[in-house]
Amino acid sequence: MNDASTPAHPSLQTRLTRQFGLQTPLVLAPMALASGGALAAACAQAGTLGLVGGGYGDLAWTQAQYQLALQNTGSDGARARLGCGFITWKLDEDASALDWVLAHPAAEKPHAIMLSFGDPRPYAARIAAAGAALICQVQRMEQVPLALEAGARIIVAQGGEAGGHGMNSLNSRATITFVPELADWLTVHAPDTLLLAAGGIADGRTLAAALVLGADGALVGSRLWATHESLAAQGAKAQALVTTGDGTARSSVFDILRRKNWPEPYDFRAIRNDLHRQWEARIDALRADPAAARADYDEGVKAGDFSRAHATVGEAVGLIGNLAPAAEVIARMSTDAAEVLSKTGF
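Not measured: the values here are computed from a predicted model.

Asker: Is there a simple way to think about the sheet that holds strand S10 (residues 248-251) in this case?
Answerer: Two orientations exist for strands paired in a sheet by backbone hydrogen bonds: parallel and antiparallel. The strand order across the open sheet formed by 3 strands is S7-S11-S10, and the pairing between neighbours is antiparallel. The outermost strands of the open sheet, each flanked by one partner alone, are strand S7 (164-167) and S10. The average angle at which neighbouring strand axes cross in this sheet is 30°, direction not considered.

This is the structure:
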């Protein structure tokens, strides 16, 4: 396993690893309510950039989990690989969690802040003033100039395969075509801006593919969601282990059931369970009268019944073979990616 004293394989040394002091070109996706302090710290200690999932900007949750991440990394080099991520349109309603994170003393400040799903420009100045690198996630080429205007040092190209929130099926891109197109565009228009691939990256082969496509690294969600340190429910993780890549769907069903008023054109990918199937062809009816379905969903969550409660994973769920510590997952992905790249002469 790579750590601060063990250099990564030469083929995995990229602009991302060099600029951010990483041992492997991986970044933990800041998954709301899953990427807590323990997971972010484990990823940072394993040589990746660990982003706490500030998500909807809940101040108390962000405080507890970011403090836990600081405690679990101590004062060594791993602390410099911590960051936080937020849903941008929720910051428009309340940015207190972002301001709290940025107000830390220098040794505890986040090394990076990731913003997704909205205009990052109103927050760019305060992030830059804190010395944090701005990471902006995009789903379409047309969103890239806005991210660059905000001063993003890293652009995340999120394909529709990704779990959780992303662009709906009508507007989303596939990772395998989006990443190289954006890589070519950045080479011409913003050559110093780094690029991460997101969506469908869950093992060494897919990490290697991201690098070959022109990315400087990968943002990993689903595979690190299925780890010991993840805050995802055990029942949800167990369901993921028996689900293939055929078994997820992208829709607004679970946002409606969870009372999340997401703006178009974004929706949510999760395992396509019984409750989702019941409503996926009747979304307008669900939106018009959600009370009974919400009660059913709430009971499922309370009972840990994932035929009704949701499990947030993407199409890469079929590549998740086991639940393991995050460090073990990162080491395996890195070793396998280096082996693939060495065979291809990359």
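Asker: What is the right way to look at the packing of helix H9 (residues 204-212) against helix H16 (residues 326-344) in this model?
Answerer: Each pair of packed helices gets described by two things: the angle between the helix axes and the distance between those axes. Here H9 crosses H16 at 55°, and the two axes come no closer than 7 Å. Our classification of the angle between H9 and H16 gives oblique. Crossing geometry of H9 relative to H16 is assigned as right-handed. In this structure, H9 uses Gly 204, Arg 205, Leu 207, Ala 208, Leu 211 and Val 212 to contact H16, whose residues at the interface are Met 333, Asp 336, Ala 337, Val 340 and Leu 341. Classifying every residue of the contact of H9 with H16 by side-chain character gives 8 nonpolar, 1 polar and 2 charged.

Asker: What is the right way to look at the nonpolar core in this model?
Answerer: Where a protein is soluble and globular, its nonpolar side chains tend to be buried together. If you look at the biggest cluster of nonpolar residues, it comprises 98 residues, and the most contacted ones within it are Phe 86, Ile 113, Ile 127, Leu 182, Leu 195 and Trp 225. Considering every element that reaches this core, the biggest residue donor is H16, with 8 residues. Residues in contact with Trp 225, not counting those within four places in the same chain, are Met 31, Ala 34, Ser 230, Ala 232, Ala 236, Lys 237, Ala 240, Ala 311, Thr 312 and Val 313. Judged by nonpolar contacts, the second largest core, of 12 residues, contains Val 253, Phe 254, Ala 270 and Leu 275.

Reading guide: rules and limits
Residues numbered from 1 in each chain as written. Predicted model: local features only at pLDDT ≥ 70, side-chain atom pairs only at ≥ 80, totals over all residues. Heavy atoms only, no water. Pairing = 2+ DSSP bridges. Helix = DSSP H or I, 4+ residues; strand = E, 2+ residues; numbered from the N terminus. Axes fitted to C-alpha atoms, helices over the stretch in contact; angles between N-to-C directions. Parallel < 35°, antiparallel > 145°, perpendicular 65-115°, else oblique. Left-handed = near helix turned anticlockwise from the far one by under 90°. Contact = heavy atoms within 4.5 Å. Nonpolar A, V, L, I, M, F, W, Y, C, P; charged D, E, K, R; others polar. Core = buried A, V, L, I, M, F, W, Y, C linked by side-chain atoms within 4.5 Å. Buried < 20%, exposed > 50% of the residue type's maximum accessible area, 1.4 Å probe, protein only.

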